[in-house]
Each structure stands twice: as structure tokens, then as C-alpha cells.
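What follows is each chain in one-letter form.
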Amino acid sequence: MSTILIIEQILNGLQSGIMLFLMAAGLTLIFGVMGLINLAHGSLYMIGAFAAASVAGLTGSFALALIAAMAAAALAGALVEMLLMRRLYATDHLDQVLATFALILIFSESTRWAFGSFPLFLDIPNYLSGPVTLPGGIQYPLYRLVLICVGLLVAIGLGLLITRTRIGIQIRAGENDREMIAALGVDISKLYTLVFALGAALAGLAGALVGAIQSVQVGM
């Protein structure tokens with residue numbers, strides 16, 4: 001096995017891991033802060049992918065598609081939190097599993113009704129298509145390198161948000177003692193909605209980015 005092939009496979013593995021991180025980061029954030037098991041998190045990933053594919057098809061802009069994916073997933077996540085999840089915080093984890101599994105079915109069939117059963121395709125923009133030459137003469141797709149960089153930037157940004165900002169302090173405090181932070185004047189309901197929307201937006205971003213290299217379909 002050649003050295004070039006080994007490096008290419010390492011980069012492929014890193015890119016796949018970064019995409020899994022973007023999906024799982026929001027889920028981990030929601031579970032860590034709220035203690036909520038949300039099986040429907042993957043549906044928010046799907047919503048982001050469909051929103052991106054739709055906007056890209058209408059406007060031809062990949063940047064607008066990414067924004068639409070994050071906005072659609074964040075909006076869906078905020079609505080789910082306000083309408084359903086708030087009633088589940090104090091319940092048993094089994095109730096959370098059953099409720100969020102029902103959401104998977106609702107989101108899947110709603111998406112099928114809105115977009116049909118056939119997959120959609122999100123094209124890689126011209127300025128991100130084609131290979132790039134890495135040190136050692138390695139040819140690697142530019143878009144996959146961009147995915148790696150975006151994931152690393154999101155990881156750094158999320159880390160700074162949690163550890164260096166006021167909202168991050170409130171999030172960590174809410175994880176440890178939600179009653180105390182509420183007594184100190186923090187609107188815990190708005191904080192939870194914000195966290196849920198942020199986690200959903202990350203899932204939507206992952207859906208849009210992956211949708212450009214895979215088909216966008218119900219159940220993805």
C-alpha cells in the first residue's frame with residue numbers, strides 16, 4: 001500500500017469524523033445541558049439537507065443554501081422544544097424516547113409529503129469543486145478539505161462559546177443546577193430554547209454539507 005493512498009484514507013476518515021462531529025455536537029450539547037434524549041436529532045439533519053437542496057435549486061447559491069439549512073433546522077428545533085420538549089424534561093427517559101421516536105415518523109412523512117419520495121441533489125459549487133494538490137503531490141478533493149476546515153472551525157467556535165462567553169457560563173450553570181440559575185434571574189426556558197436551536201442548527205449545517213456529496217432523501 002502506497003503512502004499516498006494511506007494519507008488519502010486518513011483524510012477521508014478525518015472528513016467522515018468531522019461530519020459525525022457536526023451531527024453529534026448538537027445532540028451532545030442538548031443531552032448535556034438538558035438531560036434530554038432526543039432521537040429525532042437526525043430528522044433535523046434531514047430537514048437541513050432538504051432546505052439546502054431546495055434553496056440551492058431556486059437560487060443557485062450554495063452560501064444561501066447553507067444559511068437556509070441552519071435557519072430551517074434551528075426553527076424546527078426551537079418549535080419542537082417549545083411545543084413538546086418542555087413537557088418532557090421532568091419525565092422518565094423512556095417517555096422521551098417514545099415521544100422523540102414519534103417525531104422521527106412525523107418529520108419523515110411530512111418531508112415525504114412536501115418533497116416526494118425521490119432524492120434531491122445538491123451540487124458542489126464550481127469554486128469548491130475539483131482536486132487540490134497537497135504537499136507530496138497528493139491530489140485530494142477541495143470540497144472535502146473545506147469540510148474538514150469547517151468542522152474544525154465549528155469545534156473551536158463551540159468550545160469558545162461554552163468556555164469564554166456569558167451565555168456559555170449560563171449553559172454550564174444550567175447543566176449543574178437549573179433551579180439555582182433560575183433563582184438568579186436567568187430565564188431558563190429561553191436558555192433551553194436557545195441551546196436546542198443551536199444544536200439543531202449544527203445538525204442542519206451537517207445535513208447541507210453532506211448533502212453535496214450524497215443524495216438528499218427521506219430517512220437520511
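To be clear, the structure that these remarks concern was listed above.
Thresholds applied
Residues numbered from 1 in each chain as written. Predicted model: local features only at pLDDT ≥ 70, side-chain atom pairs only at ≥ 80, totals over all residues. Heavy atoms only, no water. Helix = DSSP H or I, 4+ residues; strand = E, 2+ residues; numbered from the N terminus. Rg over C-alpha atoms; globule rule 2.2 N^0.38 Å. Buried < 20%, exposed > 50% of the residue type's maximum accessible area, 1.4 Å probe, protein only. Contact = heavy atoms within 4.5 Å. Expected span 1.5 Å × (residues − 1). Salt bridge = Lys/Arg side-chain N within 4 Å of Asp/Glu carboxyl O. Pairing = 2+ DSSP bridges.

## What to know about the overall build of the protein
- A count of helical and extended segments in the protein gives eight helices and two strands.
- Its helices and strands taken in sequence order, the protein reads α-α-α-α-β-β-α-α-α-α from the N to the C terminus.
- Compactness check: the protein gives a C-alpha radius of gyration of 19 Å against a globular reference of 17 Å for 220 residues, within 12% of the reference.
- Principal axes of the C-alpha set define a box for the protein whose edges measure 60 × 40 × 35 Å.
- The buried share of the protein, reckoned over its 220 residues, is 41%.
- Restricting to contacts in the protein with at least 6 residues of sequence separation, those with at least 24 account for 75%.

## Considering helix H2 (residues 41–59)
- The first and last C-alpha atoms of H2 sit 27 Å apart over 19 residues, in line with the 27 Å expected at 1.5 Å per residue.
- A positive backbone phi angle near 75 degrees is found at glycine 60, which sits one or two residues after H2.

## Points about the environment of valine 154
- When you line up the elements, valine 154 lands in helix H5 (residues 142–164).
- Using a relative accessible area of 17% as the deciding quantity, one classes valine 154 as buried.
- Separated by 129 residues in sequence, valine 154 and alanine 25 have C-alpha atoms that sit 9.6 Å apart.
- Residues in contact with valine 154, not counting those within four places in the same chain, are Phe21, Leu22, Leu202 and Leu205.

## Quick notes on the pattern of salt bridges
- A full pass over the atoms with the stated rule returns two salt bridges.
- For arginine 86, the salt bridge is made with glutamate 81, and the minimal N-O distance between the two is 3.2 Å.
- The salt bridge involving glutamate 109 is made with arginine 112; its shortest N-O contact spans 3.5 Å. Highlighted residues: glutamate 109 and arginine 112, both in helix H4 (residues 93–115), separated by three residues, approximately one helical turn.
- Classification of arginine 112 as partly exposed rests on a relative accessible area of 32%.

## Quick word on the pairing of strand E1 (residues 131–134)
- The sheet contact formed by E1 and strand E2 (residues 138–141) spans four bridges and is antiparallel. Its bridge partner being in E2, threonine 133 is matched across the sheet by glutamine 139.
- The turn joining E1 and E2, which pair antiparallel and follow one another in sequence, is formed by three residues; a positive phi near 95 degrees is taken by glycine 136.

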